[in-house]
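Coordinate analysis (summary)
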Amino acid sequence: MKLPLHDAAAREVPEDRSHRVMLPRRAPKAPLRQVGRRLLMALLVLLATVFIVWMDRDEYHDNANGTVDLLDCFYYATVTLSTTGYGDIVPYGDSARLLNILLITPLRVLFLIILVGTTLEVLTERTREQWQLKRWRNALRDHTVIVGFGTKGRSAVQTLRATGLSRDRIVIVDPSSKVIDAAVAEGYAGVVGDATRSDVLLRAEIQRAHQVVIATQRDDTAVLVSLTARQLNKKATIVAAVREEENAPLLRQSGADSVITSASAAGRLLGLSVHSPSAGTVMEDLIQQGSGLDLVERPVVKSEVGKSVRDTADLVVSVLRGHRLLGYDDPAASPLQSTDRLITIVRAAATEEPDVPGKQPAKPTLPGTGVSPMRRLDE
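Residues numbered from 1 in each chain as written. Predicted model: local features only at pLDDT ≥ 70, side-chain atom pairs only at ≥ 80, totals over all residues. Heavy atoms only, no water.

Our working definition: UniProt positions are given in the numbering used here, feature names are shortened, and annotations may be inferred rather than shown by experiment.
Under an unreviewed UniProt entry, the name given to the protein is Ion channel protein, and the organism recorded is Streptomyces lydicus. A UniProt comment under Subcellular location (unreviewed entry) is attached to the protein, and it reads "Cell membrane".

Have a look at this one:
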């Protein structure tokens, strides 16, 4: 299989947008609202200066007629705040000069800050982004990196969210800046760049990630991403999707722990639906996490240790013991051990509601799943 150095979509990334980390941000305020707020602040500073000069107007001297009226106060405040300073109206008394030092000079500085607020806001925004990025990097641990935010990547994120994974524990990596913008708008952190490059994955803090999902558009890109990810993180669980089944062994050799063949899986589901539409519906329900029936993995609870697989509270499909996956009908699966993990079919729990007096409490959920157990008919 030919392995190009870069994915085709990655070549379309502009230089100034490549390798950027984008964090979720609040919706910006309307420009007219920002301008209006600054004008109001400038007007308040101007009025405060006029009030100070008016209250101490006897300590000021006008070269034109010697007296200072309200219009002269506005004039003096305007030329003073704008640092023009014609010198035709000057404070000659001690109190007026003291007020200029203690009050009017700080107001002049504040007025200038408001005038150049746009530049300062840009600098502040950049400083805040750098601070948020540094804090985000320091706090990011055991997260999930999603490489590719297309149809497969979005479906993987939706499934992870349905299992209880929070948005701030997911990082999206994609070569398209538009795709990352869409991910950021949904509340996820994103990295723009080619995931076959180690510096891009390092920006996603893959060296500290707990799991990596590779959902690229091309199989050769998936192989390169898997090789790079495994080199940077020896312990992370890597799950990858491929289009062609013949490329699955390559992905496993490149470091992927689990490989999903999307084309073959879809074909098998189509064939099952043709042969048995009801069975196809059940399989689709199991795949769709968070509604109807869910296929989940959970640990064995203390009360189940030593019991048979059929004596558990829900429907057990398989038992994971060490590195062995035992079927429910395998004699070696029973009795259950405390270190076992169960692959079970459960009914998705309804959305939690606040306690209401007189209303029965919600059904207990299975440990580590957040879903309700399925009781057998004889119970």
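That covers the picture; the talk isn't over yet.
Looking at helix H3 (residues 94-115)
Selection criterion: A helix here means a DSSP run of H or I that spans at least four residues, while a strand means a run of E at least two residues long, and both kinds are numbered starting from the N terminus. In this analysis, the expected span of each helix is defined as 1.5 Å times one less than the number of residues it contains. Axes are fitted to the seven residues ending at a residue and to the seven starting at it; the angle between these axes is taken as the bend at that residue. Only protein chains enter the accessibility calculation, which uses a 1.4 Å probe. A residue is then buried if its area is under 20% of the maximum for its type, exposed if over 50%, and partly exposed in between.
A rise of 1.5 Å per residue sets the reference length of H3, with its 22 residues, at 32 Å; its end C-alpha atoms lie 30 Å apart and thus fit the reference within 8%. At Asn100, H3 shows its maximal kink, close to 45°. Within the span of H3, buried status applies to Ala96, Asn100, Ile104, Leu107, Phe111 and Ile114.

Observations regarding the packing of helix H2 (residues 70-81) against H3
What counts here: To get an axis, a line is fitted to the C-alpha atoms, and for a helix only the part in contact is used. The angle between two axes follows their N-to-C directions and goes from 0 to 180 degrees. Whether two residues are in contact is decided by their heavy atoms, any of which lying within 4.5 Å being enough. Each residue is assigned to one class: nonpolar for Ala, Val, Leu, Ile, Met, Phe, Trp, Tyr, Cys and Pro, charged for Asp, Glu, Lys and Arg, and polar for all the others, Gly among them.
H3 packs onto H2 with a crossing angle of 60° between their chain directions and a minimal axis gap of 9 Å. Here Tyr76, Thr80 and Leu81 of H2 lie close against H3, whose contacting residues are Asn100, Ile104, Leu107, Arg108, Phe111 and Leu112. In terms of residue class, the contact of H2 with H3 is made up of six nonpolar, two polar and one charged.

Topic: the pairing of strand E6 (residues 189-192)
Stated precisely, the cut-off is as follows: Here the term right-handed applies to a crossover when the path leading from its first strand over the helix to its second strand runs clockwise, the strands being oriented away from the viewer.
Of the two faces of E6, the one holding Ala189 and Val191 and the one holding Gly190 and Val192 are both buried throughout. Following the backbone out of strand E5 (residues 170-174), through helix H6 (residues 177-185) and into the adjacent parallel E6, one traces a crossover that is right-handed.

Brief notes about a nonpolar patch on the surface
As a reminder of what qualifies: Each patch is built from residues lacking any salt bridge and having more than 30% relative accessible area; the joining distance is 9 Å for like charges and 5 Å for nonpolar side chains (Val, Leu, Ile, Met, Phe, Trp, Tyr). Here the accessible surface of atoms and residues is derived via Shrake-Rupley with a 1.4 Å probe, and residues count as covered only by protein chains that are part of the display. Between Lys or Arg on one side and Asp or Glu on the other, a salt bridge is scored when a side-chain nitrogen of the former is within 4 Å of a carboxyl oxygen of the latter.
Together, Leu40, Leu43, Leu44, Leu47, Phe51, Trp54, Met55, Leu70 and Phe74 make up a nonpolar patch on the protein surface, roughly 870 Å² of accessible area in all. For the nonpolar patch, the secondary-structure elements that each account for two or more residues are helix H1 (31-55) and H2. Here the nonpolar patch takes seven residues from H1, the largest share from any one element. Mapped onto the secondary structure, Leu43 falls in helix H1.

Examining the pattern of salt bridges
Inspection of the entire model under this criterion finds nine salt bridges. Asp199 is the partner of Arg197 in a salt bridge, and the nearest nitrogen-oxygen pair spans 3.5 Å. Residue classification places Arg197 among the partly exposed residues on the basis of a relative accessible area of 36%. Between Arg298 and Glu304 there is a salt bridge, with the nearest N and O atoms lying 2.9 Å from each other. Of the two residues examined, Arg298 and Glu304, each falls in the buried class. Ionic contacts of the salt-bridge type, sharing partners, join the residues Arg137, Glu205 and Arg208 into one network.

A closer look at the side chain of Asp174
Formally: Charge convention: Lys and Arg are scored as positive, Asp and Glu as negative, and His as well as the terminal groups of each chain are ignored. Between N or O atoms, a polar contact is any pair within 3.5 Å; within protein, one atom must be a potential hydrogen donor and the other a potential acceptor, and residues adjacent in sequence are included only when both atoms are from side chains.
Within the secondary structure, Asp174 sits in strand E5. Although Asp174 is buried, it makes no salt bridge; Arg154 carries the closest opposite charge, 8.6 Å away. Of the polar contacts made by the side chain of Asp174, one reaches the backbone nitrogen of Ser176; its length is 2.9 Å. Asp174 has contacts with Gly148, Phe149, Val179, Ile180, Val191, Val192 and Gly193, leaving out every residue within four places of it along the chain.

Examining the sheet that holds strand E11 (residues 315-321)
Test applied: A pair of strands counts as paired when DSSP detects no fewer than two bridges linking them.
Across the sheet, which stays open at both edges, the four strands sit in the order E10-E13-E11-E12 with antiparallel pairing between neighbours. A strand with exactly one partner marks an edge of an open sheet, and here the two such strands are strand E10 (293-299) and strand E12 (324-327). Neighbour to neighbour, the strand axes of the sheet diverge by 25° on average, direction disregarded.

Section: unusual backbone geometry
Of the consecutive residues Ser334 and Pro335, the connecting peptide bond is found in the cis state with omega at 0°. Relative to the helices and strands, Pro335 is located in the loop between E12 and strand E13 (341-347). For Asp142, which is not glycine, the phi torsion reads 50° and is therefore positive. Topologically, Asp142 is positioned in the loop between helix H4 (117-139) and strand E4 (144-147). For Glu205, which is not glycine, the phi dihedral falls at a positive 55°. Topologically, Glu205 is positioned in the loop between helix H7 (198-203) and strand E7 (211-214).

A word on the environment of Gly187
With respect to the secondary-structure elements, Gly187 resides in the loop between H6 and E6. Spatially, the C-alpha atoms of Gly187 and Asp168 are 7.8 Å apart, while their sequence positions differ by 19 residues.

Describing helix H8 (residues 219-232)
Taking 1.5 Å per residue, 14 residues should reach 20 Å; H8 reaches 20 Å between its end C-alpha atoms and fits that length. Counting buried residues along H8, eleven of its 14 residues qualify, which places the element largely inside the surrounding structure. For H8, the complete set of buried residues consists of Asp219, Asp220, Thr221, Ala222, Val223, Leu224, Val225, Ser226, Thr228, Ala229 and Arg230. Buried residues belonging to H8 abut E4, H7, E7, strand E8 (237-242) and helix H9 (248-253).

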